[in-house]
Amino acid sequence: MKNQIATKKPDFKNIAIPEKTDATPQNQIVFELGGRIEPLQVAPSVFLKIDHATIFDNIAVISGWMSDTAEIKFHSTLNFLTVPRPDADAAVKHATKGFITVVELGTNRPDLICTVFGKQTVFAINFSSTAEEISNSVQYFSLHSRDLLPYYIKSRLLSEYLSKNCPDLPAHHRINKRGGHLDNVKSFANFGYVAYGWAMSKEATNFWLVSSDGHWHPIEESIRFNRPDVYEAFADSFGVRAAESAFLCVVKTHLMFPDTPIRLVAAINEGVFVVHTLVASSGPQTPLSYAKWAFSLSVPPSKFFNRLNRNEGDLIEHLISQNRVGYPTEFEVWNTANIALAPQVSVIVPLYGRADFVEYQLSQFTSDPDFKNGFIDLIYVVDDSTLIEPLLNNYHHLFRLYGVPFKIVWGKINRGYSGANNLGIKVATGNTILFLNSDVFPSDAGWARKMRNKLLSDTSIGAVGTRLDYSDGSVQHQGMSFEYSCQLGVWLNEHPMRGLDLPQREDSYDVEAATGACLIARTEDIAQVGGMDEGFLIGDFEDSDLCLKLRDLRGRIVIAAETRLVHLERQSFHNLGSSDFRSSIVKFNAWRHSRRWGNAIAILKEKLK
């Protein structure tokens, strides 16, 4: 038979075939195999024949034919496929039906139960035991594989054999019926691979991605979408089937290494065939470099959250986790003179992209006695290798000029917003910690003391934020609220009253969350909740995540009425790439935040109604 699988003989020497047990009835009829006997007549004009019966570790595959009036069944049947058998029709001179069935094995061989005119007869089956018989069975069972392949690959033996022995798709199938291509395949150690390409067919076809270790992944579980370039190239030949033919597939298989060939396979009734093969190259190893590569692929924005839900979000989190493992454990600290010995507040300021904000802040802090009298411990955490040398060359000069003591902390690698703040926490000595962005500037002295006093005024308060204004005096932040986006399917952080010119409120008030641009909490509480979550990209949603953790611990998040600062907002964030890329980062963080807190936020919103 043409175009069948099995280009070489597999090694089946160590197959364990279950033995017949004492529980098997002694009056069972034992079927022989293949063409060595005539079909068995189980009733007048009712015939039954087993052509192939083979055990592949944990499954049995059995095929044959029977008279049209007969019915057969097995215990633990995974799938039973009825197929035409014109050869049997001719042999017995009446209607027959062929079958191929896949049976999940227990400790014993499966028994065949034949029902004829309502009466059941039990038979036992002799299974193939030699390598040659089993190899022949593999070739035979490759037929009808479109329907049966999902069950074949439940056997480790069959899945590995089929993955290595699929012939190429015949030319007449490529030109007239089906086709596909792997444009890009990236491998990721201890996770799997990402495949990007297209596949289309005029006839019933199941496409699979197959790695050489025998891992099969159906294309139907990937993200499918329209690629204009593919559609334009194949619309004349495939019509509407050329639309939605592109795919992005993130496959989890831990036995994945660079230079592993990945095959795009088509399972059709005639067998299993390779459409295209591409050797996987090593994928980007940092979460940001992966995001820049993956989010630049031609995938519609409307599919963004769908792709995250289908393993890509897990891959990014895997890369984030792997990246943190490589962080240096040691860090360096430089102090100016007059460092506070027993501060009440440790102010942590991460630095990324721009160092000039340090001087702007110091010029404001110099008029606040709390920054000079030991009440505040000011910590600048450098999270950008390009900034450390300029700061070290200038920090003594800045101290002499403004008289504000401060520390410089360098973690020897970019750790991201949360990682930088967590490094600052390790150095902090105050009993409260105030997180402050480098582009936030006070309007009056004593603001940090007021925020601390509000925090400690009530044990139910987990964190205190403040009103932040734009440089024109309009509101940038006076508390965050969580709003559900029906379009995106995630919770987003919103800033009510943003951009409005509103007077300062006279009383402190509760909010759902507050921005980390200026936020104070007890040091012991921050330690208890594990600091800031470093699983977000760049700097977004870490603050609301922290607020929700502190809300769980204490109960309330409050905005202090007595304070007001200016926030230029995201000045360093704009250094991170195009607006489309930044938008993708925000959406990933929203997805991750919603996956963790979605139910809790919904409950919170219901309580606040």
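Since the model is a prediction, treat every value here as computed from it, not as a measurement.

### A word on the overall build of the protein
Argument step 1. For the protein, the helix and strand inventory stands at 15 helices and 31 strands.
Argument step 2. Here the protein holds 609 residues, and 54% of them are scored as buried.
Argument step 3. Considering only intrachain contacts with a sequence separation of at least 6, the fraction spanning at least 24 residues in the protein is 76%.
Argument step 4. As presented, the protein carries roughly 26500 Å² of accessible surface, and 49% of it is formed by carbon and sulfur atoms.

### Brief notes about the packing of aromatic side chains
Argument step 1. One pass over the full model with this rule turns up 18 aromatic pairs.
Argument step 2. Grouping aromatic residues by their ring pairs yields a cluster made of Phe188, Tyr290 and Trp293.
Argument step 3. Over the aromatic face of Phe238 sits the side chain of Lys202, whose NZ or CZ is 5.6 Å from the ring centroid.
Argument step 4. Cation over ring: Arg505 sits above Tyr509, and NZ or CZ is 3.8 Å from the ring centre.

### A look at the pairing of strand 15 (residues 246-252)
Argument step 1. Taking burial as the measure, the seven residues of strand 15 include six buried ones, the bulk of the element.
Argument step 2. In this sheet, strand 15 lies alongside strand 11 (residues 192-201) in antiparallel orientation, the contact comprising seven bridges. Note that in strand 15 the partner of Ala195 across the bridge is Cys249.
Argument step 3. The pairing of strand 14 (residues 223-225) with strand 15 spans three bridges and is antiparallel.

### Focus: the pattern of salt bridges
Argument step 1. Under the defined criterion, the tally for this structure stands at 30 salt bridges.
Argument step 2. Note that Lys407 and Asp377 form a salt bridge whose closest N and O atoms lie 3.4 Å from each other. Residue Lys407 is found in strand 22 (residues 407-410), and its partner Asp377 is found in strand 21 (residues 376-382); the two are separated by 30 residues along the sequence. We note that Lys407, like Asp377, is buried.
Argument step 3. Taken together, the shared-partner salt bridges in this structure form one network comprising Lys252, Asp314, Glu317, Asp533, Asp545, Lys549, Arg592, Arg595 and Arg596.

### Some thoughts on the packing of helix 14 (residues 542-553) against helix 15 (residues 579-607)
Argument step 1. The contact between helix 14 and helix 15 brings their axes to 11 Å, and the two run at 50°. Considering the angle they form, helix 14 stands oblique to helix 15. Crossing geometry of helix 14 relative to helix 15 is assigned as left-handed. Only His593, Arg596, Trp597, Ile601 and Leu604 of helix 15 make contact with helix 14, whose side of the interface consists of Ser544, Asp545, Leu548, Lys549, Arg551 and Asp552.
Argument step 2. For the contact of helix 14 with helix 15, the class distribution of residues is four nonpolar, two polar and five charged.

### Re the pairing of strand 12 (residues 206-211)
Argument step 1. For strand 12, the buried fraction is high: five of the six residues fall into the buried class.
Argument step 2. Sheet analysis places strand 12 next to strand 13 (residues 216-218), joined by three bridges and oriented antiparallel. Residue pairing in the sheet places Trp208 in a bridge with Pro218 of strand 13.
Argument step 3. Here strand 12 hands over to strand 13 after four residues, with Gly214 in that stretch at a positive phi of 90°.

### Points about the layout of surface pockets
Argument step 1. Size it by volume and the second largest pocket reaches roughly 250 Å³.
Argument step 2. Lining the second largest pocket we find 15 residues, and of these Phe295, Val299, Pro301, Asp580 and Ser584 sit closest to its centre.
Argument step 3. Counting residues per element, the ones that place at least two in the lining of the second largest pocket are helix 8 (304-325) and helix 15.
Argument step 4. Its residues placed into classes, the lining of the second largest pocket shows seven nonpolar, four polar and four charged.

### Remarks on empty space enclosed by the protein
Argument step 1. Applying the stated criterion across every chain yields a total of three cavities of 30 Å³ or more.
Argument step 2. Its volume calculated, the largest cavity comes out at about 50 Å³.
Argument step 3. Lining the largest cavity are Asn338, Ile339, Ala340, Phe371, Lys372, Gly374, Ile376, Asp377, Leu378 and Pro405.
Argument step 4. Residues that form the lining of the largest cavity fall into these classes: six nonpolar, two polar and two charged.

### Focus on the side chain of Asp439
Argument step 1. On the secondary structure map, Asp439 appears in the loop between strand 23 (432-436) and strand 24 (440-442).
Argument step 2. Put simply, Asp439 is tucked away with no salt bridge, and the nearest opposite charge, on Arg354, sits 7.7 Å away.
Argument step 3. Looking at Asp439, its side chain comes within polar contact range of the side chain of His567, at 3.2 Å.

### Examining the nonpolar core
Argument step 1. In terms of nonpolar packing, the biggest core is built from 39 residues, with Leu362, Phe365, Leu378, Tyr380, Leu434, Leu436 and Trp447 touching the most fellow members.
Argument step 2. Broken down by element, this core gets its largest block of residues, six residues, from helix 10 (residues 385-402).

### As for the packing of helix 7 (residues 287-294) against helix 8
Argument step 1. Contact geometry for helix 7 and helix 8: axes closest at 9 Å, N-to-C directions at 150°. Here helix 8 runs roughly antiparallel to helix 7, going by the angle between their axes. Here helix 7 contributes Pro287, Tyr290 and Ala294 to the contact with helix 8, which in turn contributes Arg307, Glu312, Leu315, Ile316, Leu319, Ile320 and Asn323.
Argument step 2. For the contact of helix 7 with helix 8, the per-class residue count stands at seven nonpolar, one polar and two charged.

### Description of the confidence of the model for the protein
Argument step 1. Looking at the protein, pLDDT values average 85 and 86% of them are 70 or higher.
Argument step 2. The low-confidence segment residues 1-37, where pLDDT is below 50, has 85 contacts with residues more than four positions distant or belonging to other chains.

### Some points on the sheet that holds strand 17 (residues 271-279)
Argument step 1. On the basis of which strands lie adjacent, the open sheet formed by four strands has the order 13-12-16-17 and antiparallel pairing. The sheet terminates laterally at strand 13 and strand 17, the two strands that pair on one side only. Strand after strand, the sheet turns through a mean of 30° between neighbouring axes, direction not considered.
Argument step 2. Two strands pair when backbone bridges link them, and strand 12 and strand 16 (residues 261-268) are joined in this way by six bridges, in the antiparallel orientation. Note that in strand 16 the partner of Phe207 across the bridge is Ala266.
Argument step 3. Those strands touched by helix 3 (residues 145-152) are strand 12, strand 13, strand 16 and strand 17, and its axis lies near 130° from that of strand 16.
Argument step 4. Sheet strands in contact with helix 4 (residues 156-164) are strand 12, strand 13 and strand 16, and its direction is about 80° off that of strand 13.

Rules and cut-offs
- Residues numbered from 1 in each chain as written.
- Predicted model: local features only at pLDDT ≥ 70, side-chain atom pairs only at ≥ 80, totals over all residues.
- Heavy atoms only, no water.
- Helix = DSSP H or I, 4+ residues; strand = E, 2+ residues; numbered from the N terminus.
- Buried < 20%, exposed > 50% of the residue type's maximum accessible area, 1.4 Å probe, protein only.
- Contact = heavy atoms within 4.5 Å.
- Areas by Shrake-Rupley, 256 points an atom, 1.4 Å probe, with all protein chains shown as cover.
- Phe/Tyr/Trp six-rings, centres within 6.5 Å; stacked < 30°, edge-to-face > 60°.
- Lys NZ or Arg CZ within 6 Å of the ring centre and 35° of its normal.
- Pairing = 2+ DSSP bridges.
- Salt bridge = Lys/Arg side-chain N within 4 Å of Asp/Glu carboxyl O.
- Axes fitted to C-alpha atoms, helices over the stretch in contact; angles between N-to-C directions.
- Parallel < 35°, antiparallel > 145°, perpendicular 65-115°, else oblique.
- Left-handed = near helix turned anticlockwise from the far one by under 90°.
- Nonpolar A, V, L, I, M, F, W, Y, C, P; charged D, E, K, R; others polar.
- 1 Å grid on protein atoms, 1.4 Å probe; cavity = no way out; pocket = protein on both sides within 12 Å on 5 of 7 lines; lining within 4 Å.
- Points joined across faces, edges and corners; volume = space filled by probe spheres on them.
- Lys, Arg positive; Asp, Glu negative; His and termini not counted.
- Polar contact = N/O pair within 3.5 Å; in protein donor to acceptor, adjacent residues only side chain to side chain.
- Core = buried A, V, L, I, M, F, W, Y, C linked by side-chain atoms within 4.5 Å.
- pLDDT = per-residue confidence, 0-100.

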